[in-house]
Amino acid sequence: MAEVLRVEDLKVRYRTRGGDIRAVNGVNFTLQERSITCLVGESGSGKSTVALALMGLLPHNGEVTGGSVLFQEQDLLRISFGRLRRIRGKDITMVFQEPQSALNPIQSIGDQLIEPIRTHTGSKKEQAWRIAEEGLREMGLPDPPQIMRRYPFQVSGGQAQRIMLSMALTLRPKVLVADEPTSSIDVTLQAEILARLKGYVQEWGCSILLITHDMGVVAHMADEVAVMYGGSIVEHANVQELFHRPYHPYTWGIFQALPRMDDADRMLQPLQGSPPTLLNLPDQCPFVPRCSKAVSRCREETMPQLDLVTAGHAVACYNMMDLGPKGEGIGDRGVN
Ligand SMILES: Nc1ncnc2c1ncn2[C@@H]1O[C@H](COP(=O)(O)OP(=O)(O)OP(=O)(O)O)[C@@H](O)[C@H]1O
Ligand SMILES: [Mg+2]
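Residues numbered from 1 in each chain as written. Chains lettered and ligands numbered in written order. Predicted model: local features only at pLDDT ≥ 70, side-chain atom pairs only at ≥ 80, totals over all residues.

(A) Broad picture of the site of ligand 1. Taken together, 17 residues lie around ligand 1, and Tyr-14, Ser-43, Lys-47, Ser-48 and Thr-49 are the ones closest in. Mapped by element, the contributors of at least two residues to the shell around ligand 1 are β1 (3-16), β2 (19-32) and α1 (47-55). The greatest single-element share of the shell around ligand 1, amounting to 3 residues, is contributed by α1. Across the shell around ligand 1, the residue classes tally to 5 nonpolar, 11 polar and 1 charged. (Near = placed C-beta within 6 Å. Helix = DSSP H or I, 4+ residues; strand = E, 2+ residues; numbered from the N terminus. Nonpolar A, V, L, I, M, F, W, Y, C, P; charged D, E, K, R; others polar.)

This is the structure we're talking about:
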């Protein structure tokens, strides 16, 4: 499989009155052609920051302090604004976590939809309008001509998400960065939209970075999964491997807190404690205060590297879970 995008040692901080927030601390991953990589992790672990940084769309107080994002032999973090703009919106597009605030409140939906189509394809207005309508229809929005006349405050959260999705997908991008793209959409329609996204991966070889809280969505959608905690990826594997052998105590904790179809009577064990504050983050593993497996080394040494445990399965932990040769006892988690 061909590599489409490579994120290397990405570091991002936000400046605040209280000090620097180290939101992303050396993140590495690649997106492969025709493949979906899911980024999962608790609220505040840095998922959206990774997405915004690689698109060059961090808010004014956010700053990339290291690393690179390689796409077609160029580093997106270092190319000119003009070149980035030509790539963004066509080759790499994004669906934002809060679509309603990502839409321009004083421009009609239609005008916002046709703008990138005209810029990137040189289409005439009427033609761009038809392409945009078709895009909305593909995302299951009823009566596209009427939606196009509305302003963002006149559509629901679920509709805004579908509008963003169609805006991001109409030009058949090589990479889609989708941050919780179906969180406000009804479950029935969500399944249909996720199936469409999977279809696009096959249809034109799109690669997707899919950010989600929902492990059901991960099981259904992912080829690869990267688990983030406290601004770092702590585990990365293909979806089968990660669901059957979660080596990092945090990933293990996520699964213990989820219901299981094959063991409905099992007591769920919520993950104790709260996520780390990223303000003045220590150099040690940020999961230590909540970790049942922590040993003195974890408190004394700096955060462990993400190292391969088996081919394609990397874990950043000094004392990972002991799962036995086949990951026994983990059970069926409904992975595709
Ligand atoms: N504009 C900002 N200014 C200061 N701190 C910020 C800003 N945006 C995010 N942060 C902080 O950076 C850290 C990472 O935030 P981020 O939004 O990337 O997390 P996330 O994993 O996407 O969370 P969620 O699942 O809730 O969307 C958090 O501690 C957050 O409070
Ligand atoms: Mg987020």
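(B) Spatial organisation of the pairing of strand β11 (residues 307-310). Bridge count for β11 against strand β12 (residues 313-315) is 3 bridges, and the pairing is antiparallel. Residue pairing for β12: Leu-308 is matched across the bridge by Ala-314. Hairpin connection from β11 to β12: 2 residues lie between these consecutive antiparallel strands, with Gly-312 at a positive phi of about 80°. (Pairing = 2+ DSSP bridges.)

(C) Here's a closer look at the domain arrangement of the chain. Here the chain is described as being made up of domain 1 (29-58 + 72-91 + 174-336) and domain 2 (100-172). Taken together, the contacts link 13 residues of domain 1 with 13 residues of domain 2. Examining the composition of the side of domain 1 that touches domain 2, we find that 5 residues originate from one element, helix α8 (residues 187-204), more than from any other. When grouped by side-chain class, the residues that make up the side of domain 1 that touches domain 2 number 7 nonpolar, 3 polar and 3 charged. (Domains from an automatic or database assignment. Contact = placed C-beta atoms within 7 Å.)

(D) Here's a closer look at the sheet that holds β1. Taking strand neighbours across the sheet as the criterion, the 4 strands line up as β2-β1-β4-β5 in an open arrangement whose pairing is antiparallel. Strands at the two margins of the open sheet, each flanked by one partner only, are β2 and β5 (74-75). As judged from the 11 bridges shared by β1 and β2, these two strands associate in the antiparallel manner. Paired with Glu-3 across the two strands is Gln-32, which belongs to β2.

(E) Representation of the nonpolar core within the structure. Val-177 and Val-225 are the most contacted members of the largest nonpolar core, which totals 88 residues. Sort the elements by how many residues they give to this core and helix α7 (residues 157-169) lands first, with 7 residues. No fewer than three residues from each of domain 1 (29-58 + 72-91 + 174-336) and domain 2 (100-172) sit in this core. Every residue in contact with Val-177, bar those within four places of it in the chain, is listed here: Ala-51, Leu-54, Met-55, Ile-92, Met-94 and Leu-209. (Core = buried A, V, L, I, M, F, W, Y, C linked by C-beta atoms within 7 Å. Buried ≥ 20, exposed ≤ 12 C-beta atoms within 10 Å, placed from the backbone.)

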